[in-house]
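Take a look at the letters that make up each chain.
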Amino acid sequence: MDLKQIAKDTAKVMSSYLTYQAMRIVVSQLNETNPPLAYWLQNFSATAKIQDGEAYIETLLQEKPDLAIRIMTVREHLAEEVTEFLPEMVLTGIMQANIDHRKQYLERTVTGLPLLDSTPETETERESG
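This text gives an overview of the structure that appears in the document. Here the structure is a predicted model, which is why all the values come from computation and not from measurement.

Time to look at the nonpolar core. With 20 residues, the main nonpolar core has Leu41, Tyr56, Leu60 and Ile71 as its most contacted residues. Put simply, the parts of the chain that give this core at least two residues each are α1 (3-33), α2 (35-47), α3 (53-63) and α4 (65-82). If you tally residues by element for this core, the top one is α1, at six residues. Here Leu60 is in contact with Trp40, Leu41, Phe44, Pro65, Leu67, Ala68 and Ile71, once residues within four sequence places are set aside.

Here you go:
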């Protein structure tokens, strides 16, 4: 297990996601101030590779540098605000989700319910069944 590579990959995914969120914020702002430019950015983002934030920014810099710089600024601000809370939120969320999954698995195992059945019975179904 290469933890440094996992960390690098995770950081890249987070950067791309923050780029996407920054683009959405800029589109929302432009809808108020410059609807044709907002429309252009939406169309550009639909065809550009937004999944790779850095490639998206590079392409946007060639098309409309002012928008690329605006998105980079918003993305940086988001990163500054979000990353402070992120490690604890991710760890807590994963730990809680794991507890919930184990609890459901144990309940299904003990009660003999099929493991693929993820919908719990309602009281009416238990009483009539």
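Throughout the structure, instances matching the rule amount to one salt bridge. Residue Arg75 pairs with Glu54 through a salt bridge whose shortest N-O separation is 2.8 Å. Remark: Glu54 occurs in helix α3 and Arg75 occurs in helix α4; sequence separation between them is 21 residues.

To continue, consider a nonpolar patch on the surface. A surface patch of nonpolar side chains, amounting to about 400 Å² of accessible area, comprises Met1, Leu3 and Ile6. For Leu3, the position within the fold is in helix α1.

Turning our attention to the packing of aromatic side chains. Summed over all chains, the structure comprises three aromatic pairs. Seen in terms of ring centroids, Tyr17 and Tyr20 are 6.1 Å apart; in terms of plane orientation they differ by 40°. Their pairing is tilted. With Tyr17 and Tyr20 both in helix α1 and three residues apart, this pair spans about one turn of that helix. You can call Tyr17 partly exposed: its relative accessible area is 45%. Relative to Phe44, the ring of Trp40 lies with its centre 5.1 Å away and its plane at 10°, an arrangement referred to as stacked. Here Phe44 and Trp40 lie together in helix α2, a separation of four residues that amounts to about one turn.

Relative to the 38 Å expected for 26 residues at 1.5 Å per residue, helix α5 (residues 86-111) spans 37 Å between its end C-alpha atoms, a close match to the ideal helical length. Positioned one or two residues after α5, Gly112 has a phi angle of 80°, which is positive.

This part takes up the environment of Glu76. Inspection of the secondary structure puts Glu76 in helix α4. Glu76 sits in the exposed class, given a relative accessible area of 52%. Sequence-wise, Glu76 and Thr19 are 57 residues apart; in three dimensions their C-alpha atoms are separated by 8.8 Å.

Before going further, it helps to examine the packing of α1 against α2. Interaxial distance between α1 and α2 falls to 6 Å at its minimum, and their mutual angle equals 155°. Taken together, the axes of α1 and α2 are roughly antiparallel relative to one another. The interaxial crossing formed by α1 with α2 has left-handed handedness. Counting all contacts with α1, which are made through Met23, Val26, Val27, Leu30, Asn31 and Thr33, the residues of α2 involved are Pro35, Leu37, Ala38, Leu41, Gln42 and Ser45. Of the residues in the contact of α1 with α2, the class split is eight nonpolar, four polar and no charged.

Calculation rules
Residues numbered from 1 in each chain as written. Predicted model: local features only at pLDDT ≥ 70, side-chain atom pairs only at ≥ 80, totals over all residues. Heavy atoms only, no water. Core = buried A, V, L, I, M, F, W, Y, C linked by side-chain atoms within 4.5 Å. Buried < 20%, exposed > 50% of the residue type's maximum accessible area, 1.4 Å probe, protein only. Helix = DSSP H or I, 4+ residues; strand = E, 2+ residues; numbered from the N terminus. Contact = heavy atoms within 4.5 Å. Salt bridge = Lys/Arg side-chain N within 4 Å of Asp/Glu carboxyl O. Patch = residues over 30% accessible without salt bridge, like charges linked within 9 Å, V, L, I, M, F, W, Y side chains within 5 Å. Areas by Shrake-Rupley, 256 points an atom, 1.4 Å probe, with all protein chains shown as cover. Phe/Tyr/Trp six-rings, centres within 6.5 Å; stacked < 30°, edge-to-face > 60°. Expected span 1.5 Å × (residues − 1). Axes fitted to C-alpha atoms, helices over the stretch in contact; angles between N-to-C directions. Parallel < 35°, antiparallel > 145°, perpendicular 65-115°, else oblique. Left-handed = near helix turned anticlockwise from the far one by under 90°. Nonpolar A, V, L, I, M, F, W, Y, C, P; charged D, E, K, R; others polar.

By themselves, these observations are geometric and do not establish any function.
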